Amino acid sequence: MILERSARNPILTRASIPDCPPEIIDASAVFNPGAIKLGEEYWLLLRVQTRGRQTHLMRACSRDGERFEVLPELIRPRGLERVRGRLHHLYDPRLSWLEGQIYAVVALDVDAGCRVGLLRGADLASFELLAVISDADARNAVLFPQRVGGRYLRLDRPHRGAASVGVGSGDEIWLSESDDLLHWRPVQRVLEGRWHYWDERIGPGPPPIRTREGWLCIYHGVAHHLSAAHIYQAGVFLLDLEDPAQLLARGRDNILEPREPYEMVGQVPNVVFPSGVIVEKSDGGGFARPESLVRIYYGAADSSVALATTTIAALLDAARR
Ligand code: BMA
């Protein structure tokens, strides 16, 4: 088994969400969290949904990475009035620690479709919108935790062929670069969906992990050839350290798929959606250690938050298999 689910799964459910009137009364769902470790504390930035199907951000804190307490307070990023058109939802934050600040890459639902936004803050409570960093329709993007060759990098997933899923989606992950985090240029496609198999449509998950063997990336793949369902799963691939446009390896199989009742039943059935990762140990050079514990936080059935653990070595193995 590559990933081991927490015995406490789902670690957060709608029952964990304190009322926060007037916005949140008897929340409907909590899922797709961003994750970050600050000192000895584990933090999750949560996508909380109300019974009006409105979306809010809340945060949760833990001392052990497994038992989280949700703070009874909404996170309200500043500067959202700069988003063009009416902003309906802000969600799926991917958190990165970069050059002494916390960044969150978020999806923004506007009338024209979906855009990617970049938030920055000294802590999780003080986010400000830096910029909308996609012109065209896009939802999933994630920052690399450091510059590579002087450039900021991200993985993103341009939308195309909305087809059967009804909302924008795509089957390619691209590497893009920037000098200032505000203006981005596509570099190269790094991964394509594999039609007929587990990852037909794909999108980046949590931030890439720097290992001595390359950038280890967790992504989600959707199988929809089974016609009755869209099955969201997680997988891994590896990009070259110096030149992350080069794909070194990609696992054949998924590493996590909906098997438990809380993953198979909910608002959107059959979904595991990895969005946060915490690596416990790095070596002196800042590379994740092979034996390090890795905590992967994921949304389950668009209803709750779950946790699975593994090691860097096991993920590298899975990428090469
Ligand atoms: C994706 C995103 C996620 C969601 C998933 C499953 O396209 O919208 O936010 O969790 O679908 O519904």
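Residues numbered from 1 in each chain as written. Predicted model: local features only at pLDDT ≥ 70, side-chain atom pairs only at ≥ 80, totals over all residues. Heavy atoms only, no water.

Description of the sheet that holds strand β1 (residues 4-5)
Reasoning step 1: Ordered in space as β1-β21-β20-β19, the four strands form an open sheet in which the pairing is antiparallel. Lying at the two open borders of the sheet, with one neighbouring strand each, are β1 and β19 (272-279).
Reasoning step 2: Pairing of strand β20 (residues 293-300) with strand β21 (residues 304-311) involves eight bridges; the strand directions are antiparallel. The residue of β21 that forms the bridge with Y298 is A306.
Reasoning step 3: Where helix α2 (residues 312-320) meets the sheet, its contacts fall on β19, β20 and β21, and the angle it forms with β21 comes to roughly 90°. (Pairing = 2+ DSSP bridges. Helix = DSSP H or I, 4+ residues; strand = E, 2+ residues; numbered from the N terminus. Contact = heavy atoms within 4.5 Å. Axes fitted to C-alpha atoms, helices over the stretch in contact; angles between N-to-C directions.)

Examining the packing of aromatic side chains
Reasoning step 1: Taken as a whole and judged by the stated rule, the model has five aromatic pairs.
Reasoning step 2: Aromatic side chains F68 and Y297 sit 5.8 Å apart centroid to centroid with 85° between the ring planes, which places their arrangement in the edge-to-face category. Of this pair, F68 sits in the loop between β4 (55-62) and β5 (69-75) while Y297 sits in strand β20; the two residues are 229 residues apart in sequence, bridging distant segments of the chain.
Reasoning step 3: Judged by its relative accessible area of 0%, Y297 is buried. (Phe/Tyr/Trp six-rings, centres within 6.5 Å; stacked < 30°, edge-to-face > 60°. Buried < 20%, exposed > 50% of the residue type's maximum accessible area, 1.4 Å probe, protein only.)

Some remarks on the environment of R51
Reasoning step 1: Residue placement: R51 occurs in the loop between β3 (41-49) and β4.
Reasoning step 2: Counting along the chain gives 22 residues from R51 to A29, while the straight-line C-alpha distance between them is 8.6 Å.
Reasoning step 3: Here R51 is in contact with I25, D26 and S28, once residues within four sequence places are set aside.
Reasoning step 4: Side-chain polar atoms of R51 contact the side chain of D26, separated by 2.5 Å. (Polar contact = N/O pair within 3.5 Å; in protein donor to acceptor, adjacent residues only side chain to side chain.)

Side note on the environment of Q246
Reasoning step 1: Tracing the backbone through its elements, the reader meets Q246 in the loop between β17 (231-239) and β18 (247-250).
Reasoning step 2: Between the alpha carbons of Q246 and G214 there is a distance of 10.0 Å; along the sequence they are 32 residues apart.
Reasoning step 3: Once residues lying within four places of it in the same chain are set aside, the contact partners of Q246 are Q188, L238, L239 and D240.

With respect to the site of the ligand
Reasoning step 1: In the vicinity of the ligand, the residues found are N32, R47, D92, R139, Y232, V268, V271, F273 and D302.
Reasoning step 2: Between an oxygen atom of the ligand and a side-chain N or O atom of Y232, the distance comes to 3.0 Å.
Reasoning step 3: D302 is positioned with one of its side-chain polar atoms (N or O) 2.6 Å from an oxygen atom of the ligand.
Reasoning step 4: Coverage of the ligand by the protein chains reaches 87% of its 310 Å² of free accessible surface.
Reasoning step 5: By residue class, the composition of the shell around the ligand is four nonpolar, one polar and four charged. (Near = heavy atom within 4 Å. Areas by Shrake-Rupley, 256 points an atom, 1.4 Å probe, with all protein chains shown as cover. Nonpolar A, V, L, I, M, F, W, Y, C, P; charged D, E, K, R; others polar.)

A look at the nonpolar core
Reasoning step 1: L216, V236, I255, Y298 and I312 are the most contacted members of the largest nonpolar core, which has 25 residues in total.
Reasoning step 2: Of all the secondary structure elements, the ones that give two or more residues to this core are β16 (214-223), β17, β19, β20, β21 and α2.
Reasoning step 3: At five residues, the largest contribution of residues to this core is made by α2.
Reasoning step 4: Once you skip the residues sitting within four places of it in the chain, V236 turns out to touch L216, C217, I218, Y219, R250, G251, I255, L315, A318 and A319. (Core = buried A, V, L, I, M, F, W, Y, C linked by side-chain atoms within 4.5 Å.)

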